[in-house]
Every structure is written in structure tokens, then in C-alpha cells.
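Reading the structure
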Amino acid sequence: MQKIPNLVIVESPAKAKTIEKFLGKEFRVLSSYGHIRDLKKSGLGIDLEHQFAPNYIISKDKSAVVRELKQAADSASIVWLASDEDREGEAIAWHLYEVLEREGKPTKRIVFHEITQQAIDHAIANPRDIDRNLVDAQQARRVLDRIVGFELSPVLWKRIKPALSAGRVQSVAVRLVVDREREVQQFISSSSYRVTARVVKEGICNEMQVVAEKTFDTAEAAKVFLTDNHNETLEVTSLVSKPGKRSPSAPFTTSTLQQEAARKLGYTVASTMRIAQRLYEAGYITYMRTDSVNLSTLALNSTAKVIKERWGEDFYQRRTYKTKSKGAQEAHEAIRPTYIDRETISGTAQEQKLYEMIRKRTLASQMADVVLEKTTAKLESENTREVFVAEGEVIRFEGFLKAYNYTSKTNDEEESLESSHQLPELKEGEKLKLQEIVATEHLSHAPARYSEASLVRRMEELGIGRPSTYAPTIQVIQAREYVSKGTSSGNEYQYQDFRCDALHPSPELIIRKERIGSDKGKLIPTDIGIVVNDYLVENFPKVVDYNFTAKVEEQFDHIAEGKQLWTDAMDHFYKLFHPLVETALETSDNRSRGERELGVDPATGKSVSVRIGRFGPLVQLGENSETEKATFASLREGQSIQTITLEEALDLFKLPRIVGSFEESEIKVAVGRFGPYIQHQGKFVSIPKQFDPLTITREEVIELIQTKREEEAKAELKTFAEDPTLSIRMGRFGAFLKHGKDNYKLSKEQKEKAEQLSYKECLGIMEKGTPTGTKKGSTTKKTTRKAKK
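Read on for an overview of the structure.

What counts as what
- Residues numbered from 1 in each chain as written.
- Predicted model: local features only at pLDDT ≥ 70, side-chain atom pairs only at ≥ 80, totals over all residues.
- Heavy atoms only, no water.
- Helix = DSSP H or I, 4+ residues; strand = E, 2+ residues; numbered from the N terminus.
- Polar contact = N/O pair within 3.5 Å; in protein donor to acceptor, adjacent residues only side chain to side chain.
- Contact = heavy atoms within 4.5 Å.
- Pairing = 2+ DSSP bridges.
- Axes fitted to C-alpha atoms, helices over the stretch in contact; angles between N-to-C directions.
- Core = buried A, V, L, I, M, F, W, Y, C linked by side-chain atoms within 4.5 Å.
- Buried < 20%, exposed > 50% of the residue type's maximum accessible area, 1.4 Å probe, protein only.
- Expected span 1.5 Å × (residues − 1).
- Parallel < 35°, antiparallel > 145°, perpendicular 65-115°, else oblique.
- Nonpolar A, V, L, I, M, F, W, Y, C, P; charged D, E, K, R; others polar.
- Phe/Tyr/Trp six-rings, centres within 6.5 Å; stacked < 30°, edge-to-face > 60°.
- Lys NZ or Arg CZ within 6 Å of the ring centre and 35° of its normal.
- Left-handed = near helix turned anticlockwise from the far one by under 90°.
- Salt bridge = Lys/Arg side-chain N within 4 Å of Asp/Glu carboxyl O.

On to the side chain of Gln620. Relative to the helices and strands, Gln620 resides in strand β21 (residues 616-621). At 3.3 Å, the side chain of Gln620 forms a polar contact with the side chain of Arg611. At 3.0 Å, the side chain of Gln620 and the backbone oxygen of Gly622 are in polar contact. Apart from residues no more than four positions distant in its own chain, Gln620 is found in contact with Ser607, Val608, Ser609, Arg611, Ala630, Thr631, Phe632 and Phe653.

For the rest of this paragraph, the subject is unusual backbone geometry. Each neighbour pair has its own omega, and for Leu655 with Pro656 the value is -5 degrees, a cis peptide bond. If you trace the backbone, Pro656 turns up in the loop between α17 (646-651) and β23 (657-662). Non-glycine residue Glu101 carries a positive phi angle of around 50 degrees. Position of Glu101 relative to the elements: it lies in the loop between α3 (87-99) and β8 (107-109). For Glu664, which is not glycine, the phi torsion reads 65 degrees and is therefore positive.

Let us now look at the sheet that holds strand β30 (residues 742-745). Ordered by their spatial adjacency, four strands build an open sheet running β27-β28-β29-β30, and the pairing between neighbours is antiparallel. At either margin of the open sheet sits one strand with a lone partner, and together these are β27 (716-719) and β30. Strand-to-strand, the axes of this sheet are offset by a mean angle of 30 degrees, without reference to chain direction. Relative to strand β29 (residues 734-739), strand β28 (residues 726-731) is paired through six bridges, and the arrangement is antiparallel. Paired with Arg729 across the bridge in β29 is Phe736.

As a further point, take the nonpolar core. Core analysis: the biggest nonpolar cluster contains 146 residues, and Phe112, Ile285, Leu354 and Phe540 have the highest contact counts within it. With 11 residues, the top contributor of residues to this core is helix α5 (residues 132-159). Judged by nonpolar contacts, the second largest core, of 26 residues, contains Val236, Leu423, Leu426 and Leu432.

Attention now goes to helix α11 (residues 349-364). Residues spaced three or four apart along an α-helix point in a common direction, a consequence of the helix completing one turn every 3.6 residues. In this model, α11 (16 residues) spans 22 Å end to end at C-alpha, consistent with the 22 Å of a helix rising 1.5 Å per residue. Buried within α11 we find Glu351, Leu354, Tyr355, Met357, Ile358, Arg359, Arg361, Thr362, Leu363 and Ala364. Summarising the contacts, the buried residues of α11 are in contact with α8 (254-265), α9 (269-281) and α10 (297-311).

Moving on: the packing of α5 against helix α16 (residues 566-586). Put simply, α5 and α16 touch, their axes get as near as 10 Å, and they point 0 degrees apart. As summarised for this structure, α5 and α16 are arranged roughly parallel, according to the angle between their axes. Its residues assigned to classes, the contact of α5 with α16 comprises 16 nonpolar, two polar and five charged.

Under the definition given, this model contains 15 aromatic pairs. Taking 5.6 Å as the distance between ring centres and 65 degrees as the angle between the ring planes, the aromatic pair formed by Tyr677 and Phe684 counts as edge-to-face. Residue Phe684 is classed as partly exposed on the basis of its relative accessible area, which comes to 46%. Linked through ring pairs, Phe540, Phe548, Phe573 and Phe577 together constitute an aromatic cluster. Positioned over the ring face of Tyr546 is Arg175, at 5.0 Å from the centre of the ring. Arg180 extends its terminal NZ or CZ atom over the ring of Tyr450, reaching a point 4.4 Å from the ring centre.

Attention shifts here to the packing of helix α6 (residues 168-186) against helix α12 (residues 452-462). In a packed pair of helices, the relevant descriptors are the angle between the two axes and the axis-to-axis distance. Interaxial distance between α6 and α12 falls to 11 Å at its minimum, and their mutual angle equals 115 degrees. Taken as a pair, α6 and α12 cross one another with a handedness that is right-handed. Across the interface between the two elements, Val169, Ala173, Leu176 and Val177 from α6 touch Leu455, Arg458, Met459 and Leu462 from α12. Here the contact of α6 with α12 is composed, by residue class, of seven nonpolar, no polar and one charged.

This next bit is on the sheet that holds strand β22 (residues 631-634). Pairing in this open sheet of four strands is antiparallel, and the strands run β19-β20-β21-β22 from one edge to the other. Of all the strands in the sheet, the pair left with one neighbour each is β19 (596-600) and β22. Direction aside, neighbouring strands of the sheet carry axes that sit 25 degrees apart on average. As defined by bridge partners, β21 adjoins β22 across four bridges and the pair is classed as antiparallel. Looking at the pairing, Val619 lines up with Ala633 of β22.

It is worth spelling out the pairing of β27 at this point. Direction of pairing for β27 relative to β28: antiparallel, over a ladder of three bridges. Residue Glu716 lies in a different strand from β28, and its bridge partner there is Arg729. Connecting β27 to the next strand, β28, in antiparallel fashion are six residues.

Structurally, the position occupied by Thr549 is in helix α15 (residues 546-560). Classification of Thr549 as buried rests on a relative accessible area of 2%. With 64 residues separating them in the primary sequence, Thr549 and Lys485 have C-alpha atoms 25 Å apart. Contacts of Thr549, omitting those with residues within four sequence positions, involve Arg168, Val172, Ile464 and Val543.

Turning next to the environment of Thr697. Within the secondary structure, Thr697 sits in the loop between β26 (683-686) and α18 (698-715). You can call Thr697 partly exposed: its relative accessible area is 33%. In this structure the C-alpha to C-alpha distance between Thr697 and Val659, which are 38 residues apart in sequence, comes to 6.8 Å.

Take the pattern of salt bridges next. A pair can form between side chains of opposite charge whenever their charged atoms are brought close. On inspection of all chains with the given rule, the structure shows 56 salt bridges. Among the ionic pairs, Arg128 bridges to Glu90, the shortest N-O distance being 2.8 Å. Taken together, the residues span a long stretch of sequence, with Arg128 in the loop between α4 (117-125) and α5 and Glu90 in helix α3 at a distance of 38 residues. On the basis of relative accessibility, which here comes to 0%, the residue Glu90 falls in the buried class. Between Glu712 and Lys708 there is a salt bridge, and its shortest N-O distance comes to 3.8 Å. Separated by four residues within a single helix, Glu712 and Lys708 lie in helix α18, roughly one turn from each other. Residue classification places Lys708 among the partly exposed positions, given a relative accessible area of 27%.

Any link to function would need more than the numbers given here.
Next up, the structure:
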């Protein structure tokens, strides 16, 4: 290979492409495509007898990458390790240093939190050594997580069901979701009434709304109040105006960006991080994994210039912020645009929206407060002496709202400053006539279930995880089906409001319908998640203890700062953890399956219970004994072993059922692992959610069967008389070959002429190809047949 003066190695190809623009011909930039090696997958991969020494191996999919990097490194005068500036990036640099055998050879570590000419030049001019403290902190996290997963998962297999897994941070995240769900389930909603009145000044049409100071627990009490006050005149007894202000939020950290992108743009936590990664690698924003709210001096000065030029001196206010999150690394910067004067970027619509939000938040963070005037008027009824209150708020100076309107609330509700309203001009002693008075029913609400973003916020508050772990943790607990996203739009509730006015001196009932209890997009623990959580809380309380998990994170911080040896931290944890594992494996207690007795089947007298089975939640009817055999039924989507009733459980045994016949073959409706389905003539048709498998009619079933046939006919491009099981079909990604149950991909050229492919050509495609879904290296026999002559 030709000798090159400088080789720069980064994690991603996109980052490499951007950096190449800023480096001259003397530099070659290559990508490691993330980590090049990890702990050995077979076995623990850690030598417990020798100070937790990790056994790292290069993964098969990285062998070609490592080979290319090694060749390039050996032919370079200097190797520059330019992975990200966090602990994960430092570990990647160290692994590269080890694998590429760079000891004693010219190798430099460079870091930058933004990909700009100035940042790259500064990094090249100020290289440093690999920070072993940061490497050890990452290594400690990786080793500890492997130990917990490797030793705890077999306990779950033995005590609950096979194929379960546990993790140090993921188990705590699941516990947060389970604890919140229990709060929701145990909450008892109560009704109350709030009274509002519409009043008007005499001779003026300008109306305003006032609110009674009293609230009422019952409809009867509210109706009495309406009757007594519906024809009242209200006198202004006090007027208080006082100034107020709202200050902008700090620039984005990883967690606040995830929260705001979820609320304003509807992005998932994982999507936000993917989009932010692309923006960073394209050179548009600074590094996106950070818990710092600091801005560099350069960024502060350039932001000040833009604000003053755009809105004027009055709108600028230099600010410094202090992070509230535990273990924050203040040396880093917040997430901001690399060039604040760049209003728009090229990229996808998602990238443009996220960039715009980051830019506006950064500008707003250095702008003046919003100045408000808040007015509170108290009014008293002439006869009943009841007190009413009216409040108004006027924006006197827009301040940071010129750049960015945001919410400062700590829940998921929007708080817009633009919703301010002004009271009409009032004087003390002035009288207003009541036009209408309404008692509105309100229900108390259970604590809100976590969204992805609010779970991140809660984890950050508790010190659980760090910016680099929030998104992966939330992905893992959903992928492992411990937590799922709700799909219910709630139930319709009929609120009973009452109104009185000049035409209706007696309270008039008004029915107001609203849907309540929606859990769409919210995180809900699955039955498996609840059972696993309860078992861990009972048997491994330290592992899922919020404070203990936060302290472990603090230990990682201490390791990164060089205040603690990582092996000492591992030793301390393992001495606490391992005895619990041994006890759990040796104990002879019954399996923990979340079993719950529902009652007795009136028809048979057999007991009915629910629990976790090998393939998930199920209902059991009867007991296994020498004289009888229990029967089982899987729970349907949306049902839970925590809440299912005896009647709902018994309904599950009504399936499978025969709904009639069609084309001289019986039609069976049943429920399987993937939901309810129809079975007819050896074929299966899924039953859509709008149909109940217990009540779906023969006519509806036949319509679904025929619809499926029509869809399949449209998708079938070509069949072959030589082999009825072979066909060319159209799918989501274009034409493909189907043979029996196996599907084969077609090349771009083959897709374009799919309908012209001959039987012999199809056999050739199957002979050379592998059915989709078959792993490489599989010894599955090919089922191609010889062409008929």
C-alpha cells in the first residue's frame, strides 16, 4: 500500500466524509464503523479470578474493517484516533490502539465536539494521550452490565420462563414503569364541580369570565350555588396588578432535546438521537450526547451578534446556566448549532425541524426575559356575599418569545405564553351583571403514565443512566417486551354540567362527552415485565433500587475522574451481587409466574387462574392430576393477568369455534400467538382489531377470506404449471420469488422483468440464492426441483 503521511480514524462513514472536507491531501480519513471488538459472546467473557479481566474479541462482521485499518495504519506516518469525546468514544480509541498494535508508533488522540474547520484545526494542533480513566469507566460499565445480565438471566429462566433477560439499568427502568402503572391502577377518581360565570359591565358589551372561589364535591351542592347566584350583581372589591417575568430555558442537553422533540415534533427518543447524530456528522450541530448546559465563549459571542442584529440590544441578555442533573460533565458543551447564523440547512424534513428547534432554543437561551403584567380582580355578589376571581395576564415585552415559544412545565402538557388574555378596564366598587353561571364537572386524574421522554427525565432526575444510555435503555425494554406502548384512545365519559341564566333560572343539565384515560404512546408494563420486576424487587432489591443504581453511576463518574480503580468498584459490587444469585438458584421455592386465582367455572366447578406460561400469559382451567387434565387458553391483545376477570377468562375457552362452512369446508376462528385468525381450507386469515373473534359472524368471516384472496391474486404476477407451489409475487419492496413457504429476493434487473422470468430461470435463482430469513451458514436443504423436459 502507498505510504500516507496521516491516517485519521473516526466511528462513522458520514463523519469521515465531513471531516475529509477540512483536511488536506496529506490526510486520509477512514471509519471503524463503531466498536471493533467486544466481550466474547460465548460464556461470561470476563476472568473473575484475575481482577475481572475482559476477554475481548473482534466480531466477524468487523474483521474486514480491522484488516483495512491495519493496512492503512501500517502505511501511515501518524495515526490520529478521532472517535467521539465521551467515554464510549475514548474506549473505541483505546481498542483501535490495541488492535492496530500502535504501541511505540506515532499515534495521537484528538477530540472535538463539533465538526468545523476551526474545531478540526484546533484538535490537530492540540493532540493528547488516550485517557485511561475514561476507558476504565466505560469498561467498568460494560463488564458490570455483562455480569448482571449473564448471572441474573439464568435465574429468570429457572424461576419464571426461558429466554428472559435482565440488565442493570433496564431492570430499574422497567421498575419505574411498573411502579407508575400500579399508581394508575390503584387510583380512585373522584368528581368535583368548579363554577364559572360570565359577567358584563353595564352598558358595555365587553364580557369577561370569573371563577367562584368555592368548589363543590357534589352536583347537588353546585346546583344550590347556581340557583342562589344566577341573578346576582357582582361588585369589584379589589384590584391587584403586579409585574411578572418568564425566563428562557437553558440550551439543550441530550435529555431535554429528547423531551422537547417528543413534545413539539412527536419524535421517539431513538429517532431524535438518530437525527441528531446525522446533524452532528454533517457538521450542523455540536456533539449530541451531553449533559452540560454550557456554551463556549465563541458561541456566546456569535449568538449575541445574531440577536442584536435581528431584534436589537434590548432583546439580548447574556446568561450562564448550571446543570441540575447528577454527574454532569460541565467541561462539555450543550447541543447548539455550529454556526448560529445559519438559519436553514439541507437535509430531510425531520433534520430541518430538529435543527430549527435546536437553533431557536440556543438563541432564546441568551435573550431577555418575557415581561408580563398580571392582574387579579376579586368580586363579591351583593346578596349572597360569595367571592369570585378574575385573572388576566398581558405580555408587555416579548423577550425570548421572539425566537422561541416553549413550555416550562415539568409534565407533558403544553404551556403557551401566547395564551395570555387581558381583563377589561375595571375600578374598585364597579358593579357587573352576571349573565350566565355554569358548574363544570371535573374528574381527578391518576398520575400520568410515562412517555419515552418523561421516563428519560425521571431517569435523569434519579441519576440513573447517562446521556449515552437513555435511548438504548428505552429501546431495550420495549424490544424485550417488558414494556409496550399503549394503543387505547380511552373511554367516553359523560360529564354532567349545569347552567343557569335569565332564561333558565333553575339549573339546566348539559351533557358533555369526552374521552378519558387514553394511553396512546404511553409506556405500559407487560405481564412478563410485571412478573420479572416483582421477582427482582423481592429477591434482588439492590439491583433494582433507585438509589443504589444512581450510586453505581456515581462510581463510574469517580472512575472517569481517576478517583477510584474500576476493579475495586467491580469487586465491591460482585461481593454483594453474586451471593444473591447463588441463593436464588439454590432455593426450592416454586416458580414465580405471577399466578392469580380468578374463581371457579360455574359450568364445571373447576378452578380458574391466570399466570405466565412458556409462551406468555395464559388462563388455566382445572388442575393437572391423575384424574383430570388442565386446559389452557392464551390471553388476547389488551388483556392482562393483573386485571382480567373470571368472565373474560372463561370467554377465552369458547375459542376455537366453528362459525359455519364456506365452499363445503368448515370455517374455524381461533386465537394464536399473533392474535385472532380464521382457518379455512388450510389457509389462515388474520382478524382485524375491529372484529371480536367471539362474536364475528359467518358473513363477516367469508368477506375477510375473499378480501385476502383478492389481495393475493393482485400480488401474484405469475404462476407455473410445472410447479403449482412456485410463483412470482409483488411485495412491499417489489417483486420476489415464492416457493412453498420460502421467499427469494430478485435483483433489480430481475424485478424489472419479473413477469418474463421462465420456470428454468426461477430454478436458477433458487439454486444460487438463500430463502429470506435463513441465516448465513445455515445447512437448510434447498427445495429446488429439476426442470421437466
